[in-house]
Amino acid sequence: MYNPGDAATSELARTLPDIRRNHTNPHWLEENEDDLYNLLHDHTRPQFIHDAATAMILVARHYLYSSQRHRWEKLLDKLLLRVLCTGDEEVIGRVRFEIGYFDIVANRADAAKLSFERAMERTNNSTDRVNGYINIVRAASLQPQIENSSYYDAMLYLAAESSNLYTRGLVYEAAAQYHIRREEGIAAAGFAQTAYAIWYRYWQRDLSKFGETSTDIDRHMGVCLLMMTMAARLAEQRLLSEQYLREAVAHFKTLPDRHHYWIAFYELGVLQRAREDYKEAVDTFETVISYASDTGIQAYVALAMYSRGVCLTYLAQYGRAEIMLSGALERWQDAKDVPNIANAEHGIGFMYLKQGMKDAATTWLFRAMRTAKSIATPELRENILKRIQKNVNELADL
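Here is a short report on the structure shown in this document. (Residues numbered from 1 in each chain as written. Predicted model: local features only at pLDDT ≥ 70, side-chain atom pairs only at ≥ 80, totals over all residues. Heavy atoms only, no water.)

## Concerning the overall build of the protein chain
On a plain count of helices and strands, the protein chain comes out with 20 helices and 0 strands. In terms of overall size, the protein chain behaves like a compact globule, its C-alpha atoms giving a radius of gyration of 23 Å where 398 residues would be expected to give roughly 21 Å. Buried positions account for 54% of the 398 residues belonging to the protein chain. Residue pairs in contact within the protein chain that sit at least 24 positions apart in sequence constitute 62% of those at least 6 positions apart. (Helix = DSSP H or I, 4+ residues; strand = E, 2+ residues; numbered from the N terminus. Rg over C-alpha atoms; globule rule 2.2 N^0.38 Å. Buried < 20%, exposed > 50% of the residue type's maximum accessible area, 1.4 Å probe, protein only. Contact = heavy atoms within 4.5 Å.)

This is the structure:
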């Protein structure tokens with residue numbers, strides 16, 4: 001470890017202008033990840049903490065999906081402890097915002113909600129407050145059991161009052177995610193299409209003004225295409241869902257954002273499963289599991305394990321199916337994700353049903369029904385119960 005010097009002449013102070021110039025350049029950030037991490041890690045003492053926090057706030061979000069995400073998360077926690085000692089309310093709030101984003105990626109819904117709530121306590125800035133509401137709604141989309149209707153209503157109210165088109169795009173994108181998690185396809189489609197129209201307007205402006213488009217706007221457009229894919233699938237409009245998915249995959253192939261590319265790949269597996277192309281879907285979900293495991297994106301590890309388990313059940317590969325479904329159940333139990341716990345229990349019950357094992361199937365299907373009845377969101381609860389009841393009715397035929 002070198003001696004970084006004093007605050008005014010430190011290497012971080014000399015590098016900070018470069019970070020400000022390049023913090024939106026994904027290629028620069030990827031090429032310099034190790035150097036940036038080491039630089040910030042070596043400047044966490046009190047005399048450097050303001051510059052370290054400033055730099056971290058600029059770059060942290062880019063590394064949310066890095067294979068080295070965990071080291072950035074630990075460094076953020078360390079910086080927060082140092083920043084709390086300064087009493088700088090604005091910087092404390094902004095560091096808490098960044099921690100909240102890492103909590104979302106790690107599927108820690110309760111922790112994310114708390115991080116954003118604490119961040120909002122530190123600011124009176126209207127834009128920051130809207131972003132706080134947006135991200136609490138995003139966190140609650142990971143876990144529908146979290147009470148968030150008041151935040152959702154406040155988010156939409158502030159968006160309606162805001163003249164900032166970019167803020168409205170973020171709000172409508174978050175609203176689409178909120179409704180997708182609740183399996184409300186029509187509402188999700190409306191918000192996703194509105195958000196896409198906003199990002200497309202920015203895209204056209206950038207292209208005419210600068211001759212190129214920003215990675216940020218391109219990413220938002222791709223995310224909206226993904227949500228339009230999911231919304232159409234929930235609304236049972238398979239051909240439209242496939243069309244949106246093709247557009248989303250083509251879109252993300254041109255961007256450095258590999259995380260959302262692999263979410264699109266997961267959606268491909270879901271569509272293959274809907275077409276009953278179970279062998280292809282099994283391979284697709286295996287690829288998603290590998291990527292999500294390498295990057296620590298636990299939400300998609302569990303989703304892909306569950307979906308792969310269902311496909312293996314249809315292929316009568318019951319031993320492999322049980323491993324996948326039990327693994328998904330364990331992860332969702334750790335996350336306290338009640339709707340998906342019910343889905344996994346249902347999947348295990350369905351697996352036993354397909355084998356003709358009536359006692360085991362009965363145990364798991366009724367367990368799934370009990371879990372589903374505790375889901376707070378009415379439409380989601382009824383959708384899951386309806387799917388389980390269909391298999392319960394088949395028990396009489398065994």
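So much for the structure itself; the text now carries on.
## A word on the pattern of salt bridges
All chains considered together, the criterion is met by 20 salt bridges. Taking the shortest distance from any N to any O, the salt bridge between glutamate 267 and arginine 233 comes out at 2.9 Å. Here the residue glutamate 267 occupies a position in helix α14 (residues 258–274), and arginine 233 occupies one in helix α12 (residues 215–234), the gap between them amounting to 34 residues. In this structure glutamate 267 comes out as buried when scored by relative accessible area, which is 2%. Taking the relative accessible area as the measure of exposure, arginine 233 reaches 28% and is therefore partly exposed. Residues aspartate 277 and arginine 275 are paired through a salt bridge, measuring 3.2 Å at the closest nitrogen-oxygen approach. Assessed through its relative accessible area of 27%, aspartate 277 is described here as partly exposed. Judged by its relative accessible area of 30%, arginine 275 is partly exposed. (Salt bridge = Lys/Arg side-chain N within 4 Å of Asp/Glu carboxyl O.)

## A short note on the environment of valine 59
You can see valine 59 is positioned in helix α4 (residues 49–59). Sequence separation of valine 59 and histidine 23 is 36 residues, and the distance between their C-alpha atoms is 5.8 Å. Once residues within four sequence positions are removed from consideration, valine 59 is found in contact with Ile19, Leu29, Leu40 and Trp72.

## Side note on the packing of aromatic side chains
What characterises a pair of aromatic rings is the spacing of the ring centres plus the angle enclosed by the ring planes. Per the stated rule, a full pass over the model turns up 20 aromatic pairs. Aromatic side chains tyrosine 101 and phenylalanine 116 sit 5.5 Å apart centroid to centroid with 70° between the ring planes, which places their arrangement in the edge-to-face category. Note that tyrosine 101 is positioned in helix α6 (residues 89–105) and phenylalanine 116 in helix α7 (residues 109–121), a separation of 15 residues in sequence. There is no split in this pair, since tyrosine 101 and phenylalanine 116 are both buried. Centre to centre, the rings of tyrosine 166 and tryptophan 199 are 5.1 Å apart; their planes meet at 75°, and the pair counts as edge-to-face. On the criterion of sequence distance, the pair formed by tyrosine 166 in helix α10 (residues 165–181) and tryptophan 199 in helix α11 (residues 185–210) is long-range, its members being 33 residues apart. Residue tyrosine 166 is classed as partly exposed on the basis of its relative accessible area of 26%. (Phe/Tyr/Trp six-rings, centres within 6.5 Å; stacked < 30°, edge-to-face > 60°.)

## Description of the packing of helix α17 (residues 318–334) against helix α18 (residues 338–354)
The interhelical angle for the contact between α17 and α18, taken along N-to-C directions, is 160°, at an axis separation of 8 Å. The angle between α17 and α18 places the two elements in the roughly antiparallel class. For the pair α17 and α18, the sense of crossing is left-handed. Note on element contacts: α18 touches α17 through Asn340, Ile341, Ala344, Glu345, Gly347, Ile348, Met351, Tyr352 and Lys354, opposite Tyr318, Ala321, Glu322, Leu325, Ser326, Leu329, Trp332 and Gln333. (Axes fitted to C-alpha atoms, helices over the stretch in contact; angles between N-to-C directions. Parallel < 35°, antiparallel > 145°, perpendicular 65-115°, else oblique. Left-handed = near helix turned anticlockwise from the far one by under 90°.)

## Brief notes about unusual backbone geometry
Note: most peptide bonds trans; most residues except glycine with negative phi. You will see that glutamate 236, though not glycine, has its phi angle at about 60°, which is positive. Within the secondary structure layout, glutamate 236 lies in the loop between α12 and α13 (238–253).

## A few points about α4
The complete set of buried residues in α4 reads Ile49, Ala52, Ala53, Thr54, Ala55, Met56 and Val59. Buried residues belonging to α4 abut α1 (11–22), α2 (26–31), α3 (33–41), α5 (69–84) and α6.

## As for the packing of α13 against α14
A pair of packed helices can be characterised by two numbers: the angle between their axes and the separation between those axes. Where α13 contacts α14, the axes come no closer than 9 Å and their chain directions differ by 155°. Relative to α14, the element α13 lies roughly antiparallel. Classified by chirality, the crossing of α14 by α13 is left-handed. Here Arg238, Ser241, Glu242, Leu245, Val249, Phe252 and Lys253 of α13 come into contact with α14, specifically with Arg258, His260, Tyr261, Ala264, Glu267, Leu268, Leu271 and Ala274. Among the residues forming the contact of α13 with α14, the class breakdown is 8 nonpolar, 2 polar and 5 charged. (Nonpolar A, V, L, I, M, F, W, Y, C, P; charged D, E, K, R; others polar.)

## Brief notes about the nonpolar core
Among the nonpolar cores identified, the biggest contains 134 residues, and Trp72, Met155 and Trp199 are the most heavily contacted of them. Sort the elements by how many residues they give to this core and α12 lands first, with 11 residues. (Core = buried A, V, L, I, M, F, W, Y, C linked by side-chain atoms within 4.5 Å.)

## What to know about the side chain of threonine 229
Secondary-structure assignment places threonine 229 in helix α12. Ignoring sequence-local partners within four residues, the contact set of threonine 229 consists of Ser241, Tyr244, Leu245 and Glu267.

## Some words on α7
Here α7 spans 19 Å end to end across 13 residues, near enough to the 18 Å set by a 1.5 Å rise per residue. Looking only at α7, the buried set comprises Ala109, Ala112, Lys113, Ser115, Phe116, Ala119 and Met120. Buried residues of α7, seen end-on, are gathered within an arc of 160° and therefore sit on one face of the element. (Expected span 1.5 Å × (residues − 1). Arc of directions from axis to C-beta.)

Note that every value here comes from positions in space, so none of it alone points to a role or purpose.
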